[in-house]
Amino acid sequence: VLDNSLSAITALQGSTSATTDSSDATTSGQTGTLSDDLGNLSNDFANLVSTPTDDSARSSVLSDANTLVTAVNTMSSAYQTHRQSAEDAVGTDLSTINTDLTTIGQISQQIVALKVSGASVADLENQRAQIMSDLSSKISVTFTETSKGDMLVKTADGLQLPTTPDSGSSVT
């Protein structure tokens, strides 16, 4: 299951709503967020323009530029990590979806064959219902049982998904 928490990225992006309220020790420019780091660098450049020969103004520009670059690199790394996690989850989910569809098709073939001979299919229908439940927890699908006992699986927009193991098709 993919963890959709983007708290690491949100914390770095920050907000420009830092306060100067005496009850809150946080002040604008000191929250360690990307917006504050950029604001600090902008202020440093303004100071440097006013006092171009001031060594401390130059040092502040360099220091805050380094802080901003570090924050951007950290955010980039966090984005890449979350993107990779999402890609991994999609691949895993697609594999599970294809397995569920194939299993529904295999069980349906058994049900169709047993119905012809008049044998009980209750256990197989229960197994198939469990797989159908698993599949519907991953994607929005509808199920329609044919009079012969086969199961048709369609997406919410009506696309019929292959369930026969020999169809050579899969969801991609």
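The shown structure was predicted, so the numbers you read here are calculated from the model rather than taken from an experiment.

S.K.: Mind showing me how you'd approach the overall build of the protein here?
M.R.: Helix and strand counts for the protein come out as four helices and three strands. Its helices and strands taken in sequence order, the protein reads α-α-α-α-β-β-β from the N to the C terminus. Sequence separation of at least 24 residues holds for 44% of the intrachain contacts in the protein that already meet a minimum separation of 6.

S.K.: So what exactly am I meant to see when it comes to the pairing of strand β1 (residues 141-145) here?
M.R.: In summary, the side chains of a regular strand alternate between the two faces of the sheet. Sheet analysis places β1 next to strand β2 (residues 151-155), joined by five bridges and oriented antiparallel. Bridging from a neighbouring strand, Thr144 pairs with Leu152 of β2. In sequence, β1 turns back onto β2 through a hairpin of five residues, with Gly149 there showing a positive phi of about 105°.

S.K.: Help me out: how do you make sense of the sheet that holds β1 in this one?
M.R.: Sheet strands pair via backbone hydrogen bonds, and the direction of the pair is either parallel or antiparallel. Reading across the sheet, the three strands line up as β1-β2-β3 and stay open at both edges, with antiparallel pairing between neighbours. The sheet is open, and its two borders are formed by β1 and β3 (160-161), each paired with just one other strand. As paired strands, β2 and β3 are joined by two bridges and run antiparallel to one another. Note that in β3 the partner of Lys154 across the bridge is Gln160. Across the sheet, helix α3 (residues 55-117) lies against β1, β2 and β3, angled at about 150° from β2, the strand it touches most.

S.K.: Whenever I open this one, the nonpolar core confuses me. Can you help?
M.R.: Nonpolar side chains in soluble globular proteins tend to end up buried together. Grouped together as the largest cluster of nonpolar side chains are 14 residues, with contacts concentrated most on Leu101, Ile104, Leu135 and Val153. Counting residues per element, the ones that place at least two in this core are α3, α4 (122-138) and β2. Per element, the largest residue contribution to this core is five residues, and it comes from α3. Among the nonpolar cores identified, the runner-up in size contains five residues, and Leu41, Leu48, Ala57 and Val61 belong to it.

S.K.: What exactly am I supposed to notice about the confidence of the model for the protein here?
M.R.: Confidence along the protein averages 84 in pLDDT terms, with 78% of residues attaining 70 or more. Contacts of residues 15-26 to residues separated by more than four positions or lying in other chains number 15 contacts, the stretch itself having pLDDT below 50.

S.K.: Even after reading the chapter, I still don't get the side chain of Asp37, so can you show me in this structure?
M.R.: For Asp37, the position within the fold is in helix α2 (residues 34-50). This buried residue, Asp37, is left without a salt bridge; Arg58 holds the nearest opposite charge, at 22 Å. If sequence neighbours within four positions are ignored, Asp37 has contacts with Gly32, Thr67, Leu68 and Ala71.

S.K.: For this particular structure, what's the right way to read the environment of Gln160?
M.R.: Of note, Gln160 is situated in strand β3. Among residues more than four places away in sequence, those in contact with Gln160 are Leu152, Val153 and Lys154.

S.K.: What should I look at first to understand the pattern of salt bridges in this one?
M.R.: Per the counting criterion, the structure on display carries five salt bridges. Across the salt bridge formed by Arg58 and Asp55, the nearest N and O atoms sit 3.7 Å from each other. Separated by three residues within a single helix, Arg58 and Asp55 lie in helix α3, roughly one turn from each other. Look at Asp55 and you get exposed, because its relative accessible area is 53%. Through salt bridges with shared partners, one network takes in Lys115, Arg128 and Glu145.

S.K.: Just checking my understanding: could you explain the pairing of β2 for this structure?
M.R.: Alternating residues of β2 divide into Met151, Val153 and Thr155, all buried, and Leu152 and Lys154, none buried. Hairpin connection, β2 to β3: the antiparallel pair is bridged by four residues, and Gly158 has positive phi, about 95°.

S.K.: What should I look at first to understand the packing of α3 against α4 in this one?
M.R.: Each packed pair of helices is defined by two parameters, the angle between the axes and the distance between the axes. Between α3 and α4, whose axes approach to 9 Å, the crossing angle comes to 155°. Considered as vectors, α3 and α4 are oriented roughly antiparallel to each other. Between α3 and α4 lies a crossing of left-handed hand. Taking contact as the criterion, the partners of Thr96, Ile97, Asp100, Leu101, Thr103, Ile104, Ile107, Ser108, Gln110, Ile111, Leu114 and Lys115 in α3 are, on α4, Leu124, Glu125, Gln127, Arg128, Ile131, Met132, Asp134, Leu135 and Lys138. A class-by-class count of the residues in the contact of α3 with α4 yields ten nonpolar, five polar and six charged.

Calculation notes
Residues numbered from 1 in each chain as written. Predicted model: local features only at pLDDT ≥ 70, side-chain atom pairs only at ≥ 80, totals over all residues. Heavy atoms only, no water. Helix = DSSP H or I, 4+ residues; strand = E, 2+ residues; numbered from the N terminus. Contact = heavy atoms within 4.5 Å. Pairing = 2+ DSSP bridges. Axes fitted to C-alpha atoms, helices over the stretch in contact; angles between N-to-C directions. Core = buried A, V, L, I, M, F, W, Y, C linked by side-chain atoms within 4.5 Å. Buried < 20%, exposed > 50% of the residue type's maximum accessible area, 1.4 Å probe, protein only. pLDDT = per-residue confidence, 0-100. Lys, Arg positive; Asp, Glu negative; His and termini not counted. Salt bridge = Lys/Arg side-chain N within 4 Å of Asp/Glu carboxyl O. Parallel < 35°, antiparallel > 145°, perpendicular 65-115°, else oblique. Left-handed = near helix turned anticlockwise from the far one by under 90°. Nonpolar A, V, L, I, M, F, W, Y, C, P; charged D, E, K, R; others polar.

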